[in-house]
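# Descriptive analysis of the structure
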Amino acid sequence: MGGKVDVYGFGGDGVNLVKDPLELADGEATQLQNAELVPDEALGGEGSLSKRGGIQGLTSALAGAIYGMVALPLQTTYTRTLYVACGDLATGTRTWKKTTTGAAWTDVTTPLLFAIDDNYTLFSAGNAALEYSQRRPISYKSQIIYPGNAYVQGTANPPLVSFDGTDALTYTAIPAGPNSTTGAPPAVISDMLVANGVIYVAVIDPAYAGTMKGRVLVLDPRTGILQQVANAFGGNTGEQTGGAPVCLAWFNGQLWAGLHNGNDGVSTGRVVRCYPGVDTTWTADTATLGGFPMCLMGFKGNLYVGMNGNLGTAGVAKRSTASGVWANVDTFAGGADSIGAALIVYNDTLYYGKYDNAGLHKCVIRKSTDGASWSTELDIEATYTKTAGTNWFEPKDSIVYNSDLYFSFRASDHDNADGQVLRLSGGVWTRVVSDANVHGPLVVLVERS
Amino acid sequence: MAFLVAQGGSTLYKIDPTTGVATALTLPTGITLSTTRKPRFAVLNQWVVMTNSPTRNIVIDPEGVVRPMVPRAPVSPPLVAGGSGTGLTGSWKVKQSFVVFDTAGNLLMESALSPSSAAVAIVNKDLAITQAALSDDSISARRFYRNTDGGTDFFHWLDLDGNTLTSFQSNLADAALSLLPGQPDILVAPPGTLPGTRLKNIVSWKNRVWGVSDDPAEVDTVYYTEDGKVYAWPNSLTAYPIGADVRGIVGFAPRKDSLGLLKRNGLWQITGTSNSNFSVVQLVSGRGGCEAADSVVVINDRAFWLGNDGVYEWSSDGVKNISDEHVKPWFQPKDNTYFNTARFQYAFGKFNAARNCYELHLAALGSNVEDRWVSFNLTTRKWYGPHKTAAFTPSHAAQGLDADGLPTTLIGGTDGVLYQANQATFHDGTVTAIDFDCYGPKHHGNAPDILHTFLQLSVNSKIQGAGTLSVTPLLTPVSGAETTGAAISHDQTLGHEVLRRIGDARMVRFRVQQNTVNQGAVLYGYELPYFEVSRR
């Protein structure tokens, strides 16, 4: 007798070591080393036995044997771009400048214009409060939010605008407050802050003659609802006196606000605090500062305030958390129009920009590692020249980006090309933006890839 | 874009799955990685929890920032006394914790609370805190809780920013404390928060992280977090009986509605949806236990693992052995001629999604490294292998993801290289050939006692651009042992080829081999005419 063995699907039925060898089916095998079924007809199909695919290196050799790994379908690449607000009304070619390297900056027009300087200087009375407000933008998730310029001051509500790297939108507008005279809209958004997942917005309300007015609002970005925090600022019954809020900080579980009274009336610098959502009124933590607050920053457990020296020569004061006592820790030689601005902590050191309205070199960066003893980190005017004049204009903002420290110095007017940005990287200061119409506010946009 | 986290040597890496670029991550001060304990990972709320190999439990955020999973708790309460201010009259106690915030001020993690301070009675003073504890970890602030006058519940009082100051004072009234009491009871740190014990295994299930300690007294107890929180571990369940096996719970098998707790002697199951109804029952005892924590792989609500006598599958159909029917000898604990059973506990598995296979890495007989692997095809439910590579020695394996988040198959090597399987180019490593080597069934024409003359072998294969297949006839003579015939070379460029006459034998089977770099092979089948010669 004869016959023919027909084996189609050699090994396709897998290894069988259990059966009697004489009972193995044609598709079974006793060893299938480096063989597999590939569910792809073009490559053989499930019924055909294929040599297995290669196993090839994804990485170069790491520091030792691979003991474990996990794959994560999560966002990992965030593009961080540093923006500085500009004020180019004349040509419209530069609303902001941006950089991803810190060194090379490009002009951009997509983000809407930040509220320009005019909004902070137009009114004769109360100029100082508006002018020396901290006016920081904020970075929230994958967008930046800041005061927009698309409003007529005194007529329309000041808008908050946002930019996510592609779309520039109006986020919301700040409505008139109950302390507003004749229901006139707020003048400016004076500062912003992100804390506890919500956005705090400080605004200055009209009118500007006499007692300064303002509010601090909390914006829940999930709902878009704006609510007032504690009581308003002003001179009416039930309002917190001492000026309008021009700078904010979250410190030791409380919201702190620095008040500026615009040099109207008899007053001294005041810092107030509250527990948002709990307190219905602000508590004056101090009403005896030697200057008007311009910025607030926690450092090694204590709170520091940088001041506008219109009340005297106080530059920076410290609030001891242990005692609750405020005391000056750095001073100006000059008085009026001197400022201590843009306090920031970088590498365990507290920095601020000082514009001292006395002497030749007015603009310096000061630093302290203990908050008590201060030294000049950089004499800017002795180091850099600028196109117009010798004196730089005031330091406006500071930020840490890619482990480097940046300070901005605003231009003398929104279309004047005399604003600057300096960078401290690896212990070396570099001017990275020269002679541009820098308005000052710095912010980092975090974009998902 | 997906990414990988891997431990190579004692270094932790974040790896770009497209470029393979590995970036070493900075571990928190004082935390090191063991090279004798395998890392265990779980993912919750975009954080990777890593235990067992670190000296303390750690978490890794998507940007690669590594933090202790739970800050160590303050060991002693702050001192509380009446301060220099005014405003409070009553009796108060204070507790403290350490907290970490993100850049937007959201709470990321919080330590367990310190013991309560002694009650302090004051009259029209503020509360003065001194000797507030400082943390050895990197934290954002110290958080203080306080009771209301004479009360027993603790409410969030305030946060003291930074990690420098040790004293402050406050006259915050009871009415201004947080509206609801704090939840100090949930702020329980798990094993592995302090050096000495570790979470030897963890898993994410029902929006919580579940873990088991390596403490011999607790190896039968599962700790688990609060919903969505990686830092709060107040809960536990015990898979009774305790102390029946030194290794206790070996592995976790997270299925859709059940969490399997695998011991060496059986399977326990946790069901439920919340703290109020989580419960544990034993499903299987005796057979069906688990030998190797890393052998457990869950694929489409089916769990697979290596037991002490085979591979088991747990699905809605129950628990069953899936190796006994075809490859029982691979896993038999005694007289195993394939694998080193003493190293079963170090076996590790992976899901090869491209081939729809559960793959289990084992040590060859006489080997002390996991240098072989076998595959269970979930479509055919057949076994293939044992496989090997000469390019490197596998040390761990897992399902990976490519840059688009689609599945890949990863194998780590003792050489420190992370490899990807299923590559279209047929070599391992950089230039190592893949040793394709198969033994088919014996052919005897239903007459194994009759001498046959096997005529010319006709081979059908997928046409390749080059290369040959070596086909070696193994002939069973009328009497005596099987003999090896001369190898026949099949030209793969032809697709079909009639080869030489095989010869006389009672039975014949074929060994099909190829070991050529960059050369694939697909065997469709073969035909072999024969006629019977005689019966002795």
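Residues numbered from 1 in each chain as written. Chains lettered and ligands numbered in written order. Predicted model: local features only at pLDDT ≥ 70, side-chain atom pairs only at ≥ 80, totals over all residues. Heavy atoms only, no water.

Attention now goes to the sheet that holds strand β20 (residues 235-238) of chain B. All names here are of chain B. Ordered by their spatial adjacency, four strands build an open sheet running β17-β18-β19-β20, and the pairing between neighbours is antiparallel. Since the sheet does not close on itself, it has two edges, and those belong to β17 (199-205) and β20, each with one partner. The average angle at which neighbouring strand axes cross in this sheet is 25 degrees, direction not considered. (Pairing = 2+ DSSP bridges. Helix = DSSP H or I, 4+ residues; strand = E, 2+ residues; numbered from the N terminus. Axes fitted to C-alpha atoms, helices over the stretch in contact; angles between N-to-C directions.)

For the rest of this paragraph, the subject is the confidence of the model for chain B. Per-chain confidence: chain B averages 93 in pLDDT, with 99% of residues scoring 70 or above. Overall fold confidence for the complex sits at a pTM of 0.85, while the interface term, ipTM, reaches 0.93. (pLDDT = per-residue confidence, 0-100.)

A word on the pattern of salt bridges. Taken as a whole, this structure holds 44 salt bridges over all chains when the rule is applied. Ionic pairing is found between Arg264(B) and Asp245(B), a salt bridge with its closest N-O pair at 3.1 Å. Of this pair, Arg264(B) sits in the loop between β22 (259-263) and β23 (266-271) while Asp245(B) sits in the loop between β20 and β21 (249-254), and the two are 19 residues apart along the sequence. Arg264(B) sits in the partly exposed class, given a relative accessible area of 25%. Through salt bridges that share partners, Asp117(A), Glu131(A), Arg135(A), Glu394(A), Lys396(A) and Arg410(A) make up one connected network. (Salt bridge = Lys/Arg side-chain N within 4 Å of Asp/Glu carboxyl O. Buried < 20%, exposed > 50% of the residue type's maximum accessible area, 1.4 Å probe, protein only.)

Between chain A and chain B, the residue contacts involve 88 residues of the former and 124 residues of the latter. For the pair chain A and chain B, the summed buried area comes to about 9,000 Å², and 58% of that belongs to carbon and sulfur atoms. It is Lys51(A), Tyr67(A) and Met69(A) in chain A that bury the most area against chain B; as a group they hold 10% of the surface buried on that side. Our count for the contact surface shared by chain A and chain B stands at four salt bridges. Linking chain A to chain B there are 55 residue pairs in polar contact (both at pLDDT 80 or more). Across the side of chain A that touches chain B, the residue classes tally to 43 nonpolar, 33 polar and 12 charged. Relative to strand β35 (residues 418-423) of chain B, strand β5 (residues 54-57) of chain A runs antiparallel, the two being bridged by three bridges. (Contact = heavy atoms within 4.5 Å. Buried area = accessible area lost by both parts, 1.4 Å probe. Polar contact = N/O pair within 3.5 Å; in protein donor to acceptor, adjacent residues only side chain to side chain. Nonpolar A, V, L, I, M, F, W, Y, C, P; charged D, E, K, R; others polar.)

Looking now at the sheet that holds strand β17 (residues 225-228) of chain A. Residues and elements named next belong to chain A. Ordered in space as β14-β15-β16-β17, the four strands form an open sheet in which the pairing is antiparallel. Each having just a single partner strand, β14 (188-195) and β17 make up the two edges of the open sheet. Strand-to-strand, the axes of this sheet are offset by a mean angle of 25 degrees, without reference to chain direction.

Rolled over the atoms, a probe sized like a water molecule indicates the empty space that remains. Following the criterion strictly, the structure yields three cavities of 30 Å³ or more and no others. If you add up the space inside the largest cavity, you get close to 130 Å³. Residue assignment for the lining of the largest cavity shows that the elements contributing at least two residues are β3 (35-37) of chain A together with β29 (348-352), β30 (357-362), β31 (372-377), β32 (382-387) and β35 of chain B. Among the residues forming the lining of the largest cavity, the class breakdown is eight nonpolar, six polar and five charged. (1 Å grid on protein atoms, 1.4 Å probe; cavity = no way out; pocket = protein on both sides within 12 Å on 5 of 7 lines; lining within 4 Å. Points joined across faces, edges and corners; volume = space filled by probe spheres on them.)

Counted by the stated rule, this structure contains 33 aromatic pairs over all chains. Note on Trp96(A) and Tyr146(A): the rings are 4.7 Å apart at their centroids and 70 degrees apart in plane angle, and the pair reads as edge-to-face. One end of the pair, Trp96(A), is in strand β8 (residues 96-99); the other, Tyr146(A), is in strand β11 (residues 143-147), and 50 residues separate them in sequence. Exposure remark for Trp96(A): the relative accessible area of 0% places this residue in the buried category. Its relative accessible area of 0% is what places Tyr146(A) among the buried residues. With a centroid separation of 5.9 Å and an interplanar angle of 50 degrees, the aromatic rings of Phe454(B) and Tyr530(B) are classed as tilted. Of the two residues, Phe454(B) sits in strand β37 (residues 450-461) while Tyr530(B) sits in strand β43 (residues 522-535), which places them 76 residues apart along the sequence. (Phe/Tyr/Trp six-rings, centres within 6.5 Å; stacked < 30°, edge-to-face > 60°.)

Residue and element names in this part refer to chain A. Position of Tyr401 among the secondary structure elements: in strand β30 (residues 395-401). Judged by its relative accessible area of 2%, Tyr401 is buried. Along the backbone, Tyr401 and Tyr151 are 250 residues apart, and their C-alpha atoms lie at a distance of 31 Å. Only 2.6 Å separates the side chain of Tyr401 from the backbone oxygen of Arg80, close enough to count as a polar contact.

Our next topic: the layout of surface pockets. Approximately 1,000 Å³ is the volume attributed to the second largest pocket. Considering the residues around the second largest pocket, the lining is formed by 35 residues, among which Val70(A), Phe41(B), Val203(B), Val296(B) and Val298(B) are closest to the centre. Elements with a minimum of two residues in the lining of the second largest pocket: β6 (66-72) of chain A together with β4 (40-44), β17, β21, β25 (297-299), β29 and β33 (394-401) of chain B. It is β33(B) that provides the largest number of residues to the lining of the second largest pocket, a total of six residues. Classifying every residue of the lining of the second largest pocket gives 24 nonpolar, eight polar and three charged.

A separate point is the environment of Val296(B). Residue and element names in this part refer to chain B. Structurally, the position occupied by Val296 is in the loop between β24 (279-285) and β25. Residue classification places Val296 among the buried residues on the basis of a relative accessible area of 15%. In this structure the C-alpha to C-alpha distance between Val296 and Leu410, which are 114 residues apart in sequence, comes to 16 Å. Excluding anything up to four places from it in sequence, Val296 contacts Phe252, Ala253, Leu262, Cys290, Phe304 and Trp305.

Right, let's talk about the pairing of strand β18 (residues 208-213) of chain B for a bit. All names here are of chain B. With six of six residues buried, β18 is to be regarded as a mostly interior element. What you see with β18 is no split at all: Arg208, Trp210 and Val212 on one side and Val209, Gly211 and Ser213 on the other are buried throughout. Summarising the sheet, β17 and β18 pair through six bridges and their orientation is antiparallel. Its bridge partner being in β18, Asn201 is matched across the sheet by Val212. The turn linking β17 back onto β18 is made up of two residues, and Lys206 within it adopts a positive phi angle of 55 degrees.

Of all the positions in helix α1 (residues 324-331) of chain B, only His326(B), Val327(B), Pro329(B), Trp330(B) and Phe331(B) are classed as buried. Considering only its buried residues, α1(B) is in contact with β26 (302-306), β27 (311-315), β30, β31 and β32 of chain B.

Once that is clear, we can look at the side chain of Asp61(B). Residue and element names in this part refer to chain B. Examined against the element boundaries, Asp61 turns out to sit in the loop between β6 (58-60) and β7 (66-68). A distance of 2.9 Å separates a polar atom in the side chain of Asp61 from the backbone nitrogen of Glu63. Beyond its immediate sequence surroundings of up to four residues, Asp61 is in contact with Gln46, Trp47 and Arg67.

Residues other than glycine predominantly adopt negative phi, and peptide bonds predominantly adopt the trans conformation. Cis geometry marks the peptide bond from Tyr240(B) to Pro241(B); its omega dihedral reads 5 degrees. Relative to the assigned elements, Pro241(B) resides in the loop between β20 and β21. At the junction of Gly385(B) and Pro386(B), the peptide bond is cis and its omega measures out at -10 degrees in the coordinates. Summarising the element assignment, Pro386(B) is placed in strand β32. Although it is not a glycine, Ala342(A) adopts a positive phi angle of roughly 60 degrees.

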